[in-house]
Amino acid sequence: MLRGQVPSAAPRLNPLLRAPQTLPKLVPVEQVQRFLASLNTYRDKAIVLAMVLGGLRKSEVLGLELDDLDPTRGTVLVREGKGGRERVSCIAPLFFQTARRYQDEERPLTCTAKLFVVLKGPRRGQPLSTSGLNTIITYHRRQAQTPDVNCHRLRHTCLTMLREAGMSLEALQQQAGHQNINTTRVYLHLSSQTLREEYFEVSKQLFVASPEEASHD
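Residues numbered from 1 in each chain as written. Predicted model: local features only at pLDDT ≥ 70, side-chain atom pairs only at ≥ 80, totals over all residues. Heavy atoms only, no water.

Caption draft 1: Structural view of the pattern of salt bridges. The full count for this structure, using the stated rule, is 10 salt bridges. Between Asp-104 and Arg-100 there is a salt bridge, with its nearest N and O atoms 3.2 Å apart. Taken together, the positions of Asp-104 and Arg-100, both in helix 4 (residues 93-105) and four residues apart, correspond to about one turn of that helix. For Arg-100, a relative accessible area of 44% puts it in the partly exposed group. Here the residues in one salt-bridge network are Lys-25, Asp-148 and Arg-153, joined through shared partners. (Salt bridge = Lys/Arg side-chain N within 4 Å of Asp/Glu carboxyl O. Helix = DSSP H or I, 4+ residues; strand = E, 2+ residues; numbered from the N terminus. Buried < 20%, exposed > 50% of the residue type's maximum accessible area, 1.4 Å probe, protein only.)

Caption draft 2: Just helix 2 (residues 42-52), in detail. Most of helix 2 sits inside the fold, with nine of its 11 residues counted as buried. Those residues of helix 2 that sit buried are Arg-43, Asp-44, Ala-46, Ile-47, Val-48, Leu-49, Ala-50, Met-51 and Val-52. Where the residues of helix 2 are buried, they touch helix 1 (29-38), helix 3 (58-62), helix 4, helix 5 (130-144) and helix 6 (151-164). (Contact = heavy atoms within 4.5 Å.)

Caption draft 3: The side chain of Arg-107, seen in detail. With respect to the helices, strands and loops of the structure, Arg-107 is situated in the loop between helix 4 and helix 5. Here Arg-107 sits buried without a salt bridge, and the closest side chain of opposite charge, Glu-65, lies 9.3 Å off (N-O distance). Of note is the side chain of Arg-107, whose polar atom sits 3.2 Å from the backbone oxygen of Thr-112. One polar contact links the side chain of Arg-107 to the main-chain carbonyl oxygen of Lys-114, over a distance of 2.6 Å. Residues in contact with Arg-107, not counting those within four places in the same chain, are Leu-66, Tyr-102, Thr-112, Ala-113, Lys-114, Leu-115, Val-117 and Leu-119. (Lys, Arg positive; Asp, Glu negative; His and termini not counted. Polar contact = N/O pair within 3.5 Å; in protein donor to acceptor, adjacent residues only side chain to side chain.)

Caption draft 4: A look at the sheet that holds strand 1 (residues 69-70). An order of 1-2-3 is seen for the three strands of this open sheet, with the pairing classed as antiparallel. With one partner strand each, in any of the chains shown, strand 1 and strand 3 (87-90) form the two edges of the open sheet. For strand 1 and strand 2 (residues 75-78), the ladder comprises two bridges, and the chain directions are antiparallel. The residue of strand 2 that forms the bridge with Leu-69 is Val-76. (Pairing = 2+ DSSP bridges.)

Caption draft 5: Seen up close, the nonpolar core. Ranked by size, the top nonpolar core spans 36 residues in total, and within it Val-76, Phe-95, Phe-116, Leu-133 and Leu-154 carry the most contacts. Looking at this core, the elements with two or more residues in it are helix 1, helix 2, helix 3, strand 2, helix 4, helix 5 and helix 6. Top element by residues in this core is helix 2. It accounts for seven residues. Apart from the residues within four sequence positions on either side, Phe-116 is in contact with Arg-43, Ala-46, Ile-47, Val-61, Leu-64, Phe-95, Tyr-102, Pro-127 and Leu-128. Within the second largest apolar cluster, five residues are counted, among which are Leu-159, Leu-172, Ala-176 and Tyr-187. (Core = buried A, V, L, I, M, F, W, Y, C linked by side-chain atoms within 4.5 Å.)

Caption draft 6: Broad picture of unusual backbone geometry. In this structure, Gln-145 is a non-glycine residue whose phi angle is positive, near 55°. Counting through the fold element by element, Gln-145 comes out in the loop between helix 5 and helix 6.

Caption draft 7: Focus on helix 1. Those residues of helix 1 that fall on the buried side of the exposure criterion are Gln-31, Val-32, Phe-35, Leu-36 and Ser-38. Viewed end-on, helix 1 has its buried residues packed into an arc of 160°, placing them on one side of the element. Residues of helix 1 that are exposed and point over 90 degrees away from its buried face: Val-29, Gln-33 and Ala-37. Structurally, helix 1 contributes buried residues whose contacts are with helix 2, helix 5 and helix 6. (Arc of directions from axis to C-beta.)

Caption draft 8: View of the pairing of strand 2. Where strand 1 hands over to strand 2, the hairpin turn is made up of four residues, of which Gly-74 adopts a positive phi near 75°. Inspection of the sheet shows strand 2 paired to strand 3 by four bridges, in the antiparallel sense. When the bridges of strand 3 are listed, Thr-75 appears paired with Cys-90.

Caption draft 9: The arrangement of the layout of surface pockets in detail. By volume, the largest pocket is sized at about 270 Å³. Per-element tally for the lining of the largest pocket: the top contributor is helix 5, with three residues. In terms of residue class, the lining of the largest pocket is made up of four nonpolar, five polar and three charged. Approximately 220 Å³ is the volume attributed to the second largest pocket. (1 Å grid on protein atoms, 1.4 Å probe; cavity = no way out; pocket = protein on both sides within 12 Å on 5 of 7 lines; lining within 4 Å. Points joined across faces, edges and corners; volume = space filled by probe spheres on them. Nonpolar A, V, L, I, M, F, W, Y, C, P; charged D, E, K, R; others polar.)

Have a look at this one:
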């Protein structure tokens, strides 16, 4: 160091602390059922089913086009996934049945290729907007008295149920549209209630004290 030179401060090192990941709040099954029952149109039911059965994001549902649905394979092409990435996701048959009823009975003639459109009013036949979907969700959440329902939680409820049913982490990553598998790892954790129930059910069979051991307690 040269005479008179002020020593530079040592660089501050940020500790490599990982913020704890918390499981997303799930929507109880009874709330999902009540919410679906409150919806008045096949369009709205198909939108919600795409989230709760397919784990699609709100923007991905609104981005679906007519040709993106493949009922034979049980898949949809997600053109507008997060980060502009395309993927193919599976959805249960109930979604396709409901979407078909919507197309046959409710969807007006329109030039747009978007699947979900406005059904009435001055914007009839135009693509359903994010604000329009938010209004639908908010209204029916109040009507059905299902405070835990929102688009984000419906998606996470689907992904959690798929993981708990045994879907591999790699398959879940594809279904969810996660670029990094570390994002999917949050679904490695079962809910604490499920874990407790499974543990104590198994432990009753594995860790049974013999009569001799029990007599010494």
